[in-house]
Amino acid sequence: MSSPDLRGGTAGNGGATPALDVRSASKTFGSIRVLHDVDLTLAAGELRALVGENGSGKSTLVKILAGYHMPDEGTRIAVGGREVAPHHAGVSETAGLRFVHQDLALVGALSSVENLGLGRGYGNGRMRPLAWSRLRREAREAIGELGYHFDVDRPVATLGASERTALAVARAVSPHTSTARVLVLDEPTANLPGPEVEQLFGLVRRVRDAGIAVLFISHHLNEVFDLAESVSVLRGGEHVATRPVAELDETSLIELMVGHSVERHAGRRPSAAAATVLSAQRLSGGSVQRLDLDVAAGEIVGIAGITGSGREAVASLMFGAEPAAGTVTVNGSPIPPGRPDASIAAGMGLVPAERATKAVMLGHDVAENLSISRPKDFVRRGSMRRRLEYQAAAGWLEKLDVRPREPRMPLAALSGGNAQKVILARWLRLQPKVLVLDEPTQGVDVGAKEDIHQRIEEAAGQGCAVVVCSTDNEELARLCGRVIVLGRGLETAQLAAPISADDITAACLADTRERSPREHHH
Amino acid sequence: MSITTEPTAIDPGPRQTAVGSGSRLVRRLGIGRFSGIYVWALLIVLFAVLVPETFLTASTVRSIGANSAVTSLVALALIVPVACGLFDLSVAAILGIAAVLVLDLQARGLSAGIAVLLTLVAGAVIGAFNGFLVVKVGIDSFIATLGMSSVLAAGAFAVTNGNQLVAQVPSTFVTLGQGTLLGLPRPVWYAVAVAAVLYYVTERTTAGRYMYAIGGNIEASRLVGIRVDRVRFASLVTSGVLGALAGIVLAAQLGASSADIGPAYLLPAFSAVLLGATQIKGNGRANVLGTLVAVVLLATGIFGLQLAGAPIFISGLFNGVALILAVSLALRANRQAA
Ligand SMILES: Nc1ncnc2c1ncn2[C@@H]1O[C@H](COP(=O)(O)OP(=O)(O)OP(=O)(O)O)[C@@H](O)[C@H]1O
Ligand SMILES: [Mg+2]
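Quick summary incoming for the structure in this document. These numbers come from a predicted model, not from an experiment.

1. What to know about the nonpolar core
- Of all hydrophobic cores here, the largest spans 162 residues; its most connected members are L278, M318, V466, V483 and I504 of chain A together with F173 of chain B.
- Tallying contributions element by element places helix α5 (residues 91–107) of chain B first for this core, with twelve residues.
- When residues of this core are assigned to domains, at least three fall in each of domain 2 (262–347 + 433–522) and domain 3 (357–431) of chain A.
- Sequence-distant contacts of M318 of chain A, that is, excluding residues within four places in its chain, are made with L278, A280, L283, L291, L293, V328, M348 and V436 of chain A.
- Of all hydrophobic cores here, the second largest spans 51 residues; its members include V156, L203, V231 and A241 of chain A.

2. A short note on the environment of G443 of chain A
Residues and elements named next belong to chain A.
- Along the chain, G443 turns up in the loop between β19 (434–438) and α15 (446–461).
- For the pair G443 and S232, spaced 211 residues apart in sequence, the C-alpha to C-alpha distance is 18 Å.
- Apart from the residues within four sequence positions on either side, G443 is in contact with N54, E187, A190, H219, G416 and G417.

3. Some words on the site of ligand 1
- The environment of ligand 1 is made up of 22 residues, and the closest members are N54, S59, T60, H219 and S415 of chain A.
- Around ligand 1 the close residues trace back to chains A and B.
- Here an oxygen atom of ligand 1 sits 2.8 Å away from a polar atom, N or O, in the main chain of A413 of chain A.
- Expressed as a share of its isolated accessible area of 640 Å², the protein-covered part of ligand 1 is 92%.
- Of all the elements in the fold, those that place two or more residues in the shell around ligand 1 are α1 (58–65) and α14 (416–428) of chain A.
- Of all the elements, α1 of chain A adds the most residues to the shell around ligand 1, at three residues.

4. Concerning the pattern of salt bridges
- Evaluated as defined, the whole model comprises 32 salt bridges over all chains.
- Here D153 of chain A and R136 of chain A are joined by a salt bridge, their closest N and O atoms 2.9 Å apart. Residue D153 of chain A is located in the loop between α4 (132–144) and α5 (161–173), and its partner R136 of chain A is located in helix α4; the two are separated by 17 residues in the primary sequence.
- Residue classification places R136 of chain A among the partly exposed positions, given a relative accessible area of 26%.
- Notably, a salt bridge pairs D401 of chain A with R403 of chain A, separated by 2.9 Å at the nearest N-O pair.
- Classification of D401 of chain A by relative accessible area gives partly exposed; the value is 23%.
- When its relative accessible area of 43% is taken as the criterion, R403 of chain A is described as partly exposed.
- Among the ionic contacts, a cluster of salt bridges with common partners joins D365, E368, R386 and E389 of chain A together with R209 and R285 of chain B.

5. Regarding the packing of aromatic side chains
- For the structure on display, the rule yields five aromatic pairs over all chains.
- Between F87 of chain B and F270 of chain B, the ring centres sit 5.9 Å apart and the planes meet at 40°, which makes this aromatic pair tilted. Of this pair, F87 of chain B sits in the loop between α4 (58–83) and α5 while F270 of chain B sits in helix α13 (residues 266–276), and the two are 183 residues apart along the sequence.
- Three or more aromatic residues joined by ring pairs make a cluster, and in this case those are F87, F142 and F270 of chain B.
- Here K399 of chain A stacks its cationic end above the ring of W396 of chain A, 4.5 Å away from the centre of that ring.
- One cation-aromatic arrangement involves R408 of chain A over Y390 of chain A; the distance from NZ or CZ to the ring centre is 3.9 Å.

The rules behind these values
Residues numbered from 1 in each chain as written. Chains lettered and ligands numbered in written order. Predicted model: local features only at pLDDT ≥ 70, side-chain atom pairs only at ≥ 80, totals over all residues. Heavy atoms only, no water. Core = buried A, V, L, I, M, F, W, Y, C linked by side-chain atoms within 4.5 Å. Buried < 20%, exposed > 50% of the residue type's maximum accessible area, 1.4 Å probe, protein only. Helix = DSSP H or I, 4+ residues; strand = E, 2+ residues; numbered from the N terminus. Domains from an automatic or database assignment. Contact = heavy atoms within 4.5 Å. Near = heavy atom within 4 Å. Polar contact = N/O pair within 3.5 Å; in protein donor to acceptor, adjacent residues only side chain to side chain. Areas by Shrake-Rupley, 256 points an atom, 1.4 Å probe, with all protein chains shown as cover. Salt bridge = Lys/Arg side-chain N within 4 Å of Asp/Glu carboxyl O. Phe/Tyr/Trp six-rings, centres within 6.5 Å; stacked < 30°, edge-to-face > 60°. Lys NZ or Arg CZ within 6 Å of the ring centre and 35° of its normal.

Below, the structure is given as structure tokens:
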């Protein structure tokens, strides 16, 4: 389709060569066209948001730019006026494109220092020894600029989600051999708590001020309005609009994304008078210290806190994924820590925050990813029945509106948000007594988020005790009857419904402001 | 592919290439998934033309069957750990030590039945030791089993003193390996039986599902409640037992054995498993049917070439090329997984 070449917010730059000029970008997988003649023009120093529902083609466009997908014929890409044909990562790198991919593209077994050098070298000749102490210092500076101070020698797999995001961003913006012209960020904030989002935005603005065009993808529309000057909308693989953000409000943007008007539901507060199902006493491990928490049947309890507060460790401790001190009981019987099989037998389910490394089997099909939580459901007369599996999977895909609705598709072919729904369905299928959810709607679009929230409430309505750990305070406010705020591994506040996102943000920040380093440990 | 030993790498997913009408045709015909069968048919036609009087005979079928039975057993043994994302490089050495042990035990006066049983137990014990090293100690399976195979090779020499062992054993044992049944050599039937059981386990049971899940993502598997350590341990015990079974069958087939008989089976078996992973199911996972197709394909090619007068080293060449080809195919299939 043809689209007007609006350069929202950059009217002054009318005549200059665009930093990035994409013409009729198309991509077909098999026989499915997921991207349709998309045009996108970014001026130097422009900060553009790219939004669209799950599966609308945002990441596909990014991967074409990155030389990861080969686009269909007719696609033309120019960077700084020079036509490029990105057919591998090196080409787009040299042309001046920089990326933070949705899955971050870090190598888990390597340290931060090593990851920073991937794709751009380590600042010395190919066959020269590495100057480790210099590299370490640079790595610390690079992450320090984003407000992080973790150990740069640890394997990246052991870092938390937001630390990994920071690392990927640092890698993209740190000096390379070619001049950067365009920075593309694919959902960099999906795993970041509020204060860290602010830090990231500060950095992004500095990058923009240096004359680099920024393309920023997010499902958090408030971020779009905070950060971007203009926004492009994809719907079903087509470019439907590019507008200055000043001309839009949240509702009109959502309508552009989904193509019709929407109503958003206010949360129903689950009542919390029922019996305690999940109980944690003096639970300690990772950065969490002596956490006490009771969750009743049908209750949804939120866990909030900035990175380092312990929030990121709670889900795996509650579920018993790792060895820990203290006790967790389900309906009174203790759960041995470090034995997920025992937790699951007791009726628990965990949706981890790190989808790529801890939740999905990428090469396996969608149905297999769903049934793996209890494959014996599909055994009849001593033999697993694929047909039953596909039927059940098709039902769940329909229920959670996963697109495409194809249980035979390899999970790797699903967009991020749709994959997240599959992982949730994996547990909903078992009707668990306890659901522990870590960033349950990461990478999920507004509409789908509402779907998922309704599913979570439905599970709670059937008596499931739910713990939601989230950096998305809107989400916690929407879902939870009670929110526990953590700071430095300890509970610093407890909020009860009605809760607003601002209350939670304030409580999270209050803690960091009031305590200076090395202050009291109870 | 599912044979990575680096589960920590964050895989960015399959890399896509443009899909032209040509490769769409390829997919329609299933040429990727069934390429092995097509190539096999091609080989048969080729050799039928090149060496018609010798190739198109019942004895060819018997020879190929007899030659590939033991290789099939080793390859089948390998499928189990490979599905779990583990290598068992010691499986051929287990075959080697089993082949001398089963004859040596009988030479010491034990009955064939007891000797076979003890040899299978020995295979299980070796597999358990591999499992201990990999699962409990945490050594990479590649390294642990590589070390183990060297130890076992030394063990085989110790048993034989470096001599060839010729079976002075009850003829019951030798007929187990040398007779035919329904026109096919007995070892072929053993391989078929093992394949049938393994097919059922890998494709039809939850245990099989767990194995592939672990090969796909070990941490995700642990978090959905799979006892990954147990499954991985059991997979190495299984390959130990099946490797020992292959050794027993080989000893019975030859009526003799020597300390250096094992290693030659490693490469063909690996080639078959990796090539087989691209076949039939075409999802890059080690699987029984694909492996069998690959074994027969390789055996037919080598046998035909030898009939056509190719030198003896052709088999090494053929297997090596097949291994490289298999991995290239698997990578390509992975890229196009869609
Ligand atoms: N390798 C693939 N093979 C087949 N289809 C694919 C493949 N990768 C992506 N798709 C399909 O392309 C469509 C667009 O996916 P894409 O990842 O670009 O969505 P997205 O806009 O980034 O969504 P999200 O917000 O959920 O990340 C989806 O329908 C997806 O299923
Ligand atoms: Mg995406």
